[in-house]
Amino acid sequence: MFPRPPATFLREVRIRNYKSISKCAVSFRAVTLLVGRNGSGKSNFLDALRFVTEGLQSSLDHAIRTRGGIDNVRRRSTGHPRNFAIELVITLSDGLKATYGFELTARQNSGFAVKREDMSVQDHGGRRVAYYHREEKTVVQASHKNMPPVLEDRLYLVNASGLPDFRQVYDALLSVGFYNLNPESMKEPQSPDAGELLHPDGSNIASVVGRLARQQPEAIDRIRVYLTTIVPGISGFESVTLGPRETLLFSQRVEGAQHPWRFYAASMSDGTLRALGALVAVGQLGVTGTDVRLVGLEEPETALHPAAAGALMDALREASVHTQVIGTTHSPDLLSEVDLDTDGLLVVVSRDGNTRIGPVDEPSVEAVRRHLYTPGELLRLDQLQPDERDLRRQEQLNLFSGIAVA
């Protein structure tokens, strides 16, 4: 049994009218996998989480423009709803919990505005210790008398983070990373950077490996152990300089050779690079040794041999002691390593163009617990379905306690 973190960072996500997602309210464990057919909406769900981080880190305008404009963000359907909303429930330190959400509305000129934004921090007994409620350009309620000004097109948490009560929430929501690793980008010699956080496509992996080797060698040691298990024959890797650039250099055992052969990243397989990228993503620590609170991974098993699934799942579980992991997958082999008693599994389906997300239905859970099938075998049989009762629960909920439903 792997040690479990004292509390999962991202406890619940509620979304309304974001891309293909009409409504969802789902909970998470330390490791949670989302499974569903191509085009069902798995990536849209992770993108909603990434939207929150990008909206805080850069600006809402940048986050919307990089997605093709407001009309490509709000859900496309009959009537084309003008508003979309996202709400997160997260765990903070010292037993605190925070609920943070916002609702954006599309304007006639293809612009947007923040309609509402809410923040509430509660102690372990549920008592609200800090809060604010914003409506458009005005903070109408707050736990502080002198709140900073509101910028109409910006998330208010950016300004409110200047107050100690809200700073922890702001920092926590920025201590996350989302990854769709691109082996071609990882093969190219890279311009050195600080290596503070792995880029979404893995393109600065040499810098991150170099920083970890200097500052947290124990993290590199664990990554090396898992990589050598996932990719037999690999005995090590390191960041090396090539003139003004840097890349990774791998050591590989070759039968009959006295010493391991060495290969640059450009000569390595896509599966090896994706495996290393996934391990670095979940194993990296911040510059000061602080935890990356959440990592989202798009199909980490892609291009891996099926026999590597067990080692990959073990690595995700070990990393979840300090970093929560949410991944999408199509792999029956990876799903067969899921323990429904400790790991989270959410099924994503598309019905009439609407994405629905829910836990595995009870008949499937019972079949797994009675050892009749593994989750992976149920996937191969196309028998993994979301719990219909939970989907009805989500439909009936007013998902946003502090955000009005349009």
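Scroll up for the structure.
In this report, we go over the structure that sits alongside the text. (Residues numbered from 1 in each chain as written. Predicted model: local features only at pLDDT ≥ 70, side-chain atom pairs only at ≥ 80, totals over all residues. Heavy atoms only, no water.)

### Observations regarding the overall build of the chain
Assigned secondary structure in the chain consists of 13 helices and 16 strands. Projected onto the principal axes, the alpha-carbon positions of the chain cover approximately 75 × 55 × 45 Å. Burial statistics for the chain: of 406 residues in total, 54% are counted as buried. Across the chain, contacts joining residues at least 24 apart in sequence account for 61% of those joining residues at least 6 apart. Summed over all atoms, the accessible surface of the chain reaches about 18,000 Å², with 48% contributed by carbon and sulfur. Side-chain charges of the chain comprise 46 positive and 49 negative groups, with the mean position of each set lying 5 Å from the other. (Helix = DSSP H or I, 4+ residues; strand = E, 2+ residues; numbered from the N terminus. Buried < 20%, exposed > 50% of the residue type's maximum accessible area, 1.4 Å probe, protein only. Contact = heavy atoms within 4.5 Å. Areas by Shrake-Rupley, 256 points an atom, 1.4 Å probe, with all protein chains shown as cover. Lys, Arg positive; Asp, Glu negative; His and termini not counted. Charge placed at Lys NZ, Arg CZ, Asp CG, Glu CD.)

### Description of the pairing of strand 6 (residues 112-122)
Counted residue by residue, strand 6 has 10 buried out of 11 residues, so it is predominantly covered. Strand direction decides the pairing type here: strand 5 (residues 97-106) and strand 6, joined by 10 bridges, are antiparallel. The partner of lysine 97 across the bridge, within strand 6, is glutamine 122. Hairpin connection between strand 5 and strand 6: a loop of 5 residues separates the two successive antiparallel strands, and serine 110 in this loop has a positive phi of roughly 75°. As paired elements, strand 6 and strand 7 (residues 128-135) share 7 bridges and run antiparallel to each other. If you follow methionine 119 over to strand 7, its bridge partner there is tyrosine 132. The turn linking strand 6 back onto strand 7 is made up of 5 residues, and glycine 126 within it adopts a positive phi angle of 90°. (Pairing = 2+ DSSP bridges.)

### What about helix 13 (residues 388-396)?
Asp390, Leu391 and Gln394 are the residues of helix 13 that are buried. One side of helix 13 carries all its buried residues, which in axial view fall inside an arc of 100°. Turned more than 90 degrees off the buried face of helix 13, the exposed positions are Arg389 and Gln396. Here the buried face of helix 13 lies against strand 2 (21-27), strand 15 (344-351) and strand 16 (354-359). Among the residues of helix 13, the N-terminal cap falls to aspartate 387, whose side-chain oxygen and the backbone nitrogen of arginine 389 are separated by 2.8 Å. (Arc of directions from axis to C-beta. Polar contact = N/O pair within 3.5 Å; in protein donor to acceptor, adjacent residues only side chain to side chain.)

### Notes on the pattern of salt bridges
In total, this model carries 30 salt bridges according to the counting rule given. With its nearest N and O atoms 4.0 Å apart, the salt bridge here joins glutamate 54 to arginine 50. Of this pair, glutamate 54 and arginine 50 both sit in helix 1 (residues 42-57), 4 residues apart, which is roughly one turn of the helix. Look at arginine 50 and you get partly exposed, because its relative accessible area is 23%. (Salt bridge = Lys/Arg side-chain N within 4 Å of Asp/Glu carboxyl O.)

### Overview of the environment of phenylalanine 166
By the secondary structure assignment, phenylalanine 166 is in helix 4 (residues 164-174). Setting aside its immediate chain neighbours within four residues, phenylalanine 166 contacts Met119, Ala130, Tyr131, Tyr132, Ser143, His144, Met147, Leu157, Ala160 and Ser161.

### A word on the packing of helix 7 (residues 217-230) against helix 9 (residues 309-319)
Put simply, helix 7 and helix 9 touch, their axes get as near as 9 Å, and they point 160° apart. In terms of axis orientation, helix 7 runs roughly antiparallel to helix 9. Considering how the two elements wind past one another, helix 7 and helix 9 form a crossing that is left-handed. Within the contact between the two elements, helix 7 uses Arg222, Tyr226, Thr229 and Ile230 and helix 9 uses Ala311, Leu312, Asp314, Ala315 and Glu318. Grouping the constituent residues of the contact of helix 7 with helix 9 by class yields 5 nonpolar, 1 polar and 3 charged. (Axes fitted to C-alpha atoms, helices over the stretch in contact; angles between N-to-C directions. Parallel < 35°, antiparallel > 145°, perpendicular 65-115°, else oblique. Left-handed = near helix turned anticlockwise from the far one by under 90°. Nonpolar A, V, L, I, M, F, W, Y, C, P; charged D, E, K, R; others polar.)

### A few points about the packing of aromatic side chains
Tallied over the full model, the rule gives 9 aromatic pairs. Measuring from centroid to centroid gives 5.8 Å for phenylalanine 28 and phenylalanine 45, while their planes differ by 35°, and the two rings are tilted. In this pair, phenylalanine 28 is assigned in the loop between strand 2 and strand 3 (31-35) and phenylalanine 45 in helix 1, connecting sequence segments 17 residues apart. You can call phenylalanine 28 buried: its relative accessible area is 8%. When the centroid spacing of 5.7 Å and the interplanar angle of 75° are considered together, the rings of phenylalanine 51 and phenylalanine 84 count as edge-to-face. Placement of phenylalanine 51 in helix 1 and of phenylalanine 84 in strand 4 (residues 83-91) is noted, with a sequence separation of 33 residues between them. According to the relative accessible area criterion, phenylalanine 51 is buried, its value standing at 0%. Judged by its relative accessible area of 0%, phenylalanine 84 is buried. Members of the aromatic cluster, each reached through a chain of ring pairs, are Tyr18, Phe51, Phe84, Tyr100 and Phe102. Over the face of the ring belonging to tyrosine 131 we find arginine 128, whose NZ or CZ atom lies 3.6 Å from the ring centre. The ring centre of phenylalanine 237 lies 5.4 Å from the NZ or CZ of arginine 224, which sits over that ring. (Phe/Tyr/Trp six-rings, centres within 6.5 Å; stacked < 30°, edge-to-face > 60°. Lys NZ or Arg CZ within 6 Å of the ring centre and 35° of its normal.)

### Some words on unusual backbone geometry
Phi is positive for aspartate 94, close to 60°, though the residue is something other than glycine. Among the residues examined, aspartate 94 registers a relative accessible area of 71% and is labelled exposed. Not every positive phi belongs to a glycine, and glutamate 136 is a case in point at roughly 50°. In this structure, glutamate 136 sits in the loop between strand 7 and strand 8 (138-142).

Honestly, it's all geometry; don't read function into it.
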